[in-house]
Each structure stands twice: as structure tokens, then as C-alpha cells.
Amino acid sequence: MSLVKFTTSSLLLATVSATAAVARENVQVAGSSTVLPYAAIVAEAFGENFDFPTPVVESGGSSAGLKRFCEGVGENTVDIANASRAIKNSEIATCAENGVTDIVEVRIGYDGIVFASDIDGNTFEFTPADWYLALAAELPVDGAMAANANTNWTAVNAKLPDQPIQAFIPGTKHGTREVFEEKVLLQGCEESGALDAILAINGGDEDAAESSCMTVRTDGLSVDVDGDYTETLARIEADTNGIGVFGLSFYENNSDKLQVATMSDVVPTTESISTGDYPVSRPLYFYIKAAHLGEIPGLQEFADFFVSDEIAGPDGPLAEYGLVSDPKLASTQDAVANRTLLDGM
Amino acid sequence: MSKVTPSLLVRDDRTKRRNAAERRFRFYGLGAIGIAALALVVLLTTVVSSGVGAFRQTYVTLEIALPEDKLDKTGTRDPDLMARVTTFGYAPLLRAALIRQLAELGITTDLSDKHIGEMISKEAVATVRNHVLANPELVGTTLTIDVLTEGRVDGYFKGRVTMESAALDGNTSPEALEIAQRLADLGVIKTRFNWRFLTAPDASDQRPEAAGLGVAILGSLYMMLVVLVLALPLGVAASIYLEEFAPKNRLSDFIEVNISNLAAVPSIVFGILGLAIFINFGGLRQSSPLVGGLVLTLMTLPTIIISTRAALKSVPPSIRDAALGVGASKVQSVFHHVLPLAAPGILTGTIIGLAQALGETAPLLLIGMVAFVREYPAPYSETAGLFGEAATALPVQVFNWTQRADPGFAERASGAIITLLVFLAIMNIAAVLLRRRFERRW
């Protein structure tokens, strides 16, 4: 039967060709969805201007990307992991177990985290304390912890407009959530004096107090958004009382629908973030598998190109898209060129 | 006791109740269909109204001077040496061209040169550079070429961007849109059908206007080929054995139950399996249509087996008996008589299985196909093997684009959904037509 012959031969062909694969030609990147747009912009420009193929950039989150990165060395593992946070020691250990012992850490710049609401709604001027008092699960009241009773922004701070509290914050799987907890909630907890009050109540247990500061209420006034910023935007469009947490670049691309709130009287811009005046920002990284440098064609060139002045500098396309460029870019460039390995390996 | 009416012409209470119950049931049925139809209409109108714009694209005709001292300092017209001028070197040429054209057409504006330059897509620079590198003799002349406009300008001509929204938007301004409108009145800016949407690869977040489905359509095509070539013969062989040859015992019952169960397994599970077996153990390429096709094959196999077995079952036993009766062997009776008669049913099941596989995203997430891929995957290459080059798939492209910040990508995502729906409709219609054409009833 010709059908049988055809299928057997194609089956054989598929298996043979599958095993015959040799060195990969394109750079393979995985990781943070925050870094993804920047990596895609660089990959596109790299493909246009160099003879190497355009790198493939996967998304999926910092943790997932680093997990893939640490799976081992070889052409069917990724070369670069993007991360919106620094690599953890536990991840370095996992990497080392799987033979990924040499890692180059590259900081590409900073990402601002902004609070934005519907363009036609009230204007907000926040302080971290406002967010803590609005979103904490429990607040210290008269020497005891009590469930958060604030339901309106005026109750939190008389200067804020009369609007029910409805916050859309990133879900726990997002790297942004960690920054939000540490730089906004914990900071607000300290500034409002609640941290001392909690320490007085629980007898000085600092870890418990800090985790209490960062525990978000679950009565529906704060909603965890596990999807992307597009989902947060859709929710704000549906509920115009909502206030959402966004990346600066996302806000700048949707400034016709959103208005941004100030934090401690500072308007978030790339300038105010790079000077450090705007408090809520975080560094963005990518990690290179040093064993692949020289093996995968274009990897070194891609990394050099990523941190070059014309790409990651203050006038480059990344800054234009919303990345806050790193003032110490020159030392990063040196580190990439010299393949400076991460310490503690 | 209800009284018994002797006449057939007068309906008694009981008959009336039964008739009323029947009318109610018909009404429920109509209601159910109505709700389904309404949901479909709402879905299609939202998708089509937001996605139809993706099939039209705005272009601006630029007359770009290509000075030799900028593009070919050596004067050799050697593309390798000219390639040293990057897209960053070409960008000012395009901006200067537009500014000069505005001056020639008598359009004055307060807009800064930088913002005028931003009306041209960033993709245009690469288009021009590639064009010049392919035709080095153009250096020193003036090139007239249609290039993409920036996404907001494009959105203005499609009604997505208005003067009001532009006033609030940091990426464009009402002044820029006014210039665009005047250029359009003069015929320099034109909106026309967007073939690029179906052929171009994905583009980064800064250029929604350039993004297309080319790589995704190729990736989906390759995966469907892999699924067809693997799942159809395997599925048909397995069903023929189970249906015609296998003894009916506990083992075959066990296999049958397992196949039915597999058909109901969430598709992401096949993705996990694919990552563990094909990539980590088998050493196949991540992001490759081959692995994607293998994973989707696993997912589609149960569907094909179940429908093939149903098709084989529906062939009357008298056909087999007649074949065996005139001296055919079991194999001959199956391959000469039963299989050809069951073929329409098998084809329908296969096409529906393929359509299901075409719309699947979840398993591809784990094998690295949810990615930004700009290089067209070749069906075969020396280094990557058959279907080994990185690709995405149609549903993945929808997923990717809905996550992007620029509102231009929302339009692209809806456009991709329309494309995917068209492909699915074609496949399902083909299934229906094949069944109509070849089906035999006994």
C-alpha cells in the first residue's frame, strides 16, 4: 500500500532528521514578561543590523525563565534568562547542580512602577502610608490588631478624594508584586508608624511584623491581577473607581486612557526614576550562560549590543519605550565584554 | 377523574396539557439556540469590529535622498561594507525626506523635527536599509518608496485614534495627525489592503504597525503537517487493530478506557510531557514546530482513534461477511472493503482533530513556542533538521499580542483571531463537504 509506505518513510524521516540536529544558530532567550518588550526591541534591531538570525525571546516570568536557564548546559537549553529581579541564591545553587556554574549578570536599567487610574476620574497624590492603610489586611488599633475598616480613600487620608478603595495589584507570581510589597506597603507601614505599633503588640518579632505589614486584605477591595497590565487596564475601564499598578512603559503607551498618580509628591518619569526621586522602581537584569558564549553564534554580540549606548543609553530605543537607563551603563558594558562572572558561584 | 370525551375533534384536558408541554419544549429549544446565536453574534461583531483594521494599513510615499558620503564611504558599492551603516544611520535620512516633502508641499507646522520623524514607522528604516543593501546602485540617487507610517497615524486613519485621544497621548499629538491628514488629502499618505499582516513576521512592541502573522501561519502549517503525518496513520492503524483484530478481553477494555480518558486530559499536560520527553530527554529543539507537532499529535490521537473506530463500526458486518465469504483474508476484507467505506468518517474525524490542534495554545507554552520569533522557519535546514527552526503558532500570536502595551496590538490580536477563525471555518466546512460527498448510508 502506497499510503503505508508513505507514512512509514515520513515517520522514519522525522525521527532521523530530529536526531541529526547540530549546533543551534539563533540565540534563545526566556524569562520575565517585564523585560520581554525590551528584549524584543533589541532582538529586532539585532536581527536587522547583524548577519546573525534574530534571537527568539520567550516570555513566562522571571522564575520560570531562570528555571529553564538552570536546566543545564547545551544547545537545547536557553542562553539568556531575563529577570525583573536579581537571581536568588537558591537558583544559583540549582544552576550549579545542573552544571551551569558560570553566569554573567547584566543589569540593563530600571523599571518604574506607577499607580494609575481612569483618565476621567479623580487625581491622586499618594504616599506609601496611604497604600499601606488602604490595603493592609489588619491595622494596629488601640494596642491590638484589627481588620482594616477603611473603605474610602478619604478615610485613609483626608487629602485624598472621596472615592471607594478599589485596587488592582499584581498577583503573587509577578516580580512587580515583590517590589510593591517592599517599596510601598512596608515603606508605608514604617512611615505611618504602624510598624512600631505592631512591634509593640507582638512583643518585638520583626519578621512577623514585616510580614503583617505586607499582608494584603482579601475582602475584595484589593484584587490580585495574575494576567498582564492589559488585564489591569481592562478592569479599570470596567470599574472607573479602580486604581491599578502598572509599569512606567505601559502607562506611557496608554496615557490617553490613564492618569498617573504621584508618589510622595514626585511624578514618575524616566528622569525622576533615574535620579532616585521617585521611590518605586527596580532594576531589570538578564543572565548569560557563560558556557554558551563562543558556542552559540551571536550570543556575545547580542549581549554587547543590548547594553551598548545606542540601545540602552538615555537616548536609545529602550529609554524611549520607558526603560530608565542605568547611569552605570559603562561598567555593565565592561562586565559583558570581559564576561565578568557572578560572585558566589 | 377527568371525564372522557368521545370525540376526536374535541381535545380533552390531558391532550391540551401534552400539547402545551410540547410547545414549551420547542420554545426552550428555540431559546437555547437564540442565546447561542446571540453570543456568537456578539463575539463575532466585537472581534470583527476591532480586528478588521488590521487588514488595512497606512503607507507614506517618501522620496529619500541616499547620499554616498553617509551610506557608502568607500564608494565601492560593496554590500558587506555598506552593511556597517546601521538602521541608526538610516533613520535621519527618512526624517529629512519627510521634512523636505512637507516644505515642498507647503505644509508648515510647529512640530519639532524629531516628532515629524516619529510619524514614520521604525520598521520603515529597516525596509529602506534592506532595499539599499539589495540594490547598492541606488546610492547617490533619490529613492521613491512607500513605507509604513507609525502606529498612531495609522490608527487615526482607521478611527482608532482621535484628535481628543491624541491630545492626551504622549506618543503622538493632534499636530502630527493634522499633518497626516493634509498629506492624505494630497495623496502622499494612503491606506490600502494589508498583505503584510498575513506575510510579515512579528514585530517588537515599538512597531505594532509592522507586526504580521507570517511566522505564526508557517509554524501552524508545519505543526499541522507533523500532526497529519503522524496522528492519521497511527490513529487509523490503532483503531483498525482494536476494532477488527484485537480479541475482546480485559486488556483491550483497559486500552479502550484509557483512550477515552486521554481524550479528556487537559492539553497542558501534553505540554509538560512534551517538555520532559521530547526536549529534555529526546534532545529536540525547543520552540520548534517539530516538538509542537509531536505534542499536538499526542493530543489529537485519541480524537482520531475514537472517530475512526466509530466510522469502522458503522460499516455493516454484512460487507465483511461477504468479503470473507468469497475467500478474502481478514486483512483483505479490512483494507479492500471496510476501510474505504469508513474513509469519509475517518477524514471528518481527522479534520476536526486537526482543527482542535490548530487552536491549541496551552501545551505550546511549555515547549517554548510562546515567543517572539522574527525569522521565517525553513521546513528543513542542515543545522536544525526537519521543522526544527523556531516558530510560533496562530493562537500563540493572539495570546502574545493581547499582552502588549501598545493599543495597536489589540487590533492585531483581533485580526489574528479573524484569520484563525477563517482557517478553522475552512477546515470544518471541508469536513462537512467531504462527509456529504462520500458518505454512504445503509
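Note that the coordinates shown come from a computational prediction; the quantities given were computed from them, not determined experimentally. (Residues numbered from 1 in each chain as written. Chains lettered and ligands numbered in written order. Predicted model: local features only at pLDDT ≥ 70, side-chain atom pairs only at ≥ 80, totals over all residues.)

**Here's the deal with the overall build of chain B**
Looking only at helices and strands, chain B features 19 helices and six strands. What you see for chain B is a C-alpha radius of gyration of 30 Å, clearly larger than the 22 Å of a compact globule of 442 residues, by over 25%. Taking the contacts inside chain B whose residues are at least 6 apart along the sequence as the reference set, 77% of them involve residues at least 24 apart. (Helix = DSSP H or I, 4+ residues; strand = E, 2+ residues; numbered from the N terminus. Rg over C-alpha atoms; globule rule 2.2 N^0.38 Å. Contact = placed C-beta atoms within 7 Å.)

**As for the overall build of chain A**
What chain A contains, in helices and strands, is 16 helices and 14 strands. Counting every position in chain A, which comprises 345 residues, the buried fraction comes to 49%. Within chain A, counting contacts between residues at least 6 apart in sequence, those at least 24 apart form 75% of the total. (Buried ≥ 20, exposed ≤ 12 C-beta atoms within 10 Å, placed from the backbone.)

**Here's the deal with the sheet that holds strand E1 (residues 56-65) of chain B**
All names here are of chain B. Here we have three strands laid out as an open sheet, ordered E2-E1-E3, and antiparallel in their pairing. Taken across any chain shown, the strands that pair with only one partner, and hence form the sheet edges, are strand E2 (142-148) and strand E3 (189-193). Going from strand to strand, the sheet's axes swing by 30° on average, the running direction of each strand aside. Bridge count for E1 against E3 is five bridges, and the pairing is antiparallel. For arginine 56, the partnering residue across the bridge sits in E3 and is phenylalanine 193. (Pairing = 2+ DSSP bridges. Axes fitted to C-alpha atoms, helices over the stretch in contact; angles between N-to-C directions.)

**Points about the interface of chain A and chain B**
Contacts between chain A and chain B engage 46 residues on the former and 42 residues on the latter. Counting residues per element, the ones that place at least two in the side of chain A that touches chain B are helix H1 (2-19), helix H2 (36-49), strand E2 (56-58), helix H10 (229-238), helix H11 (248-253) and helix H15 (317-321) of chain A. Examining the composition of the side of chain A that touches chain B, we find that nine residues originate from one element, H2(A), more than from any other. When its residues are assigned to classes, the side of chain A that touches chain B shows 22 nonpolar, 16 polar and eight charged. Relative to strand E4 (residues 371-372) of chain B, E2(A) is paired through two bridges, and the arrangement is antiparallel. (Nonpolar A, V, L, I, M, F, W, Y, C, P; charged D, E, K, R; others polar.)

**Remarks on the environment of Ile352(B)**
Residue and element names in this part refer to chain B. Among the secondary structure elements, isoleucine 352 is positioned in helix H16 (residues 330-358). When the 17 C-beta atoms within 10 Å are taken as the criterion, isoleucine 352 is described as partly exposed. A sequence separation of 206 residues divides isoleucine 352 from aspartate 146, and the C-alpha atoms of the two residues are 42 Å apart. Setting aside anything within four residues of it in sequence, one finds isoleucine 352 in contact with Thr303 and Ala431.

**Quick look at the domain arrangement of chain A**
All names here are of chain A. If you check the domain split of chain A, you get domain 1 (3-110 + 282-342) and domain 2 (122-239). For domain 1 and domain 2, the distance between their C-alpha centroids amounts to 35 Å. Counting from both sides, the interface comprises eight residues of domain 1 and, opposite them, six residues of domain 2. In terms of residue class, the side of domain 1 that touches domain 2 is made up of no nonpolar, six polar and two charged. (Domains from an automatic or database assignment.)

**Quick notes on the domain arrangement of chain B**
Residue and element names in this part refer to chain B. Under the domain assignment used here, chain B contains domain 1 (52-194) and domain 2 (214-438). Centre-to-centre, using C-alpha coordinates, domain 1 lies 44 Å away from domain 2. With six residues of domain 1 in contact, the opposing surface of domain 2 contributes six residues. Of the residues contributing to the side of domain 1 that touches domain 2, the split by class is two nonpolar, three polar and one charged.

**Notes on the packing of helix H11 (residues 214-245) of chain B against helix H14 (residues 289-313) of chain B**
Residue and element names in this part refer to chain B. Taken N-terminus to C-terminus, the directions of H11 and H14 make an angle of 35°; their axes are 6 Å apart at the nearest point. Both H11 and H14 take part in a crossing whose hand is right-handed. Among the residues forming the contact of H11 with H14, the class breakdown is 20 nonpolar, eight polar and four charged. (Left-handed = near helix turned anticlockwise from the far one by under 90°.)

**Section: the environment of Asp102(A)**
Along the chain, the position of Asp102(A) falls in the loop between helix H4 (89-97) and strand E4 (103-118). Expressed as a C-alpha distance, the spacing of Asp102(A) and His292(A), which sit 190 residues apart in the sequence, is 9.7 Å.

**Considerations on the pairing of strand E8 (residues 167-170) of chain A**
All names here are of chain A. Of the pairings in the sheet, the one linking E8 to strand E9 (residues 222-225) comprises four bridges and is parallel in character. Bridging from a neighbouring strand, phenylalanine 168 pairs with valine 223 of E9. When E8 meets strand E10 (residues 243-247), the two strands line up parallel, connected through two bridges. Bridged to phenylalanine 168 within E10 is glycine 244.

**Things to note about the nonpolar core**
Ranked by internal contacts, the top residues of the largest apolar core, which has 205 residues, are Val42(A), Ile108(A), Tyr132(A), Phe286(A), Tyr287(A), Leu94(B) and Val227(B). No other element matches the 15 residues that H11(B) contributes to this core. If near-sequence neighbours (up to four positions away) are discounted, Leu94(B) is found in contact with Leu62(B), Ile64(B), Ile120(B), Ala124(B), Val125(B) and Val128(B). (Core = buried A, V, L, I, M, F, W, Y, C linked by C-beta atoms within 7 Å.)

**Overview of unusual backbone geometry**
All names here are of chain A. Phi at aspartate 142 is positive, roughly 50°, even though this residue is not glycine. Mapped onto the secondary structure, aspartate 142 falls in the loop between strand E6 (138-141) and strand E7 (144-147). What makes aspartate 142 exposed here is the crowd of 6 C-beta atoms within 10 Å. The phi angle at serine 264 is positive, at roughly 50°, despite the residue not being glycine. Following the sequence through the fold, serine 264 ends up in the loop between strand E12 (262-263) and helix H12 (270-274). Here serine 264 falls in the partly exposed class, since 16 other C-beta atoms lie within 10 Å of it.

**Quick look at the pairing of E1(B)**
Relative to E2(B), E1(B) runs antiparallel, the two sharing seven bridges. Bridging across to E2(B), Ala65(B) finds its partner in Thr142(B).

**Here we look at H2(A)**
Residue and element names in this part refer to chain A. Over its 14 residues, H2 runs 20 Å from end to end, which matches the ideal 20 Å to within 8%, given 1.5 Å per residue. Counting buried positions along H2 yields 12 of 14 residues, so the element is predominantly enclosed. Inspection of H2 places Leu36, Pro37, Tyr38, Ala39, Ala40, Ile41, Val42, Ala43, Glu44, Ala45, Phe46 and Gly47 among the buried residues, and these make up the whole buried set. (Expected span 1.5 Å × (residues − 1).)

**Details of the environment of Arg24(A)**
Residues and elements named next belong to chain A. Among the secondary structure elements, arginine 24 is positioned in the loop between H1 and strand E1 (28-31). Take arginine 24: there are 24 C-beta atoms within 10 Å of it, and that puts it in the buried class. In this structure the C-alpha to C-alpha distance between arginine 24 and isoleucine 296, which are 272 residues apart in sequence, comes to 6.6 Å. Arginine 24 has contacts with Glu75 and Ile296, leaving out every residue within four places of it along the chain.

**Concerning H10(A)**
Turning to H10(A), its buried residues are Tyr229(A), Thr230(A), Thr232(A), Leu233(A) and Ile236(A). On an axial view of H10(A), the arc spanned by its buried residues comes to 160°, and they lie on one face. Buried residues along H10(A) sit against E4, E8, E9, E10 and H11 of chain A together with helix H18 (394-402) of chain B. (Arc of directions from axis to C-beta.)

**Focus on the packing of H11(B) against H16(B)**
All names here are of chain B. Interaxial distance between H11 and H16 falls to 10 Å at its minimum, and their mutual angle equals 140°. With respect to H16, the element H11 is oriented oblique. Note that H11 runs across H16; the crossing there is right-handed. For the pair H11 and H16, contact is made by Ser220, Met224, Val227, Leu228, Ala231, Leu232, Val236, Ile240 and Glu244 and by Val334, Ile346, Thr350, Gly353, Leu354, Ala357 and Leu358, respectively. Of the residues that constitute the contact of H11 with H16, the class distribution is 12 nonpolar, three polar and one charged. (Parallel < 35°, antiparallel > 145°, perpendicular 65-115°, else oblique.)

**Focus: the confidence of the model for chain A**
Residue and element names in this part refer to chain A. Overall, the predicted model of chain A reaches an average pLDDT of 87, with 93% of residues at or above 70. Looking across chain A, the model is least confident in H1, with a mean pLDDT of 50, and most confident in helix H13 (residues 299-306), with 94. With pLDDT under 50 throughout, residues 16-21 is counted as low confidence; its partners more than four residues away or in other chains account for 12 contacts. (pLDDT = per-residue confidence, 0-100.)

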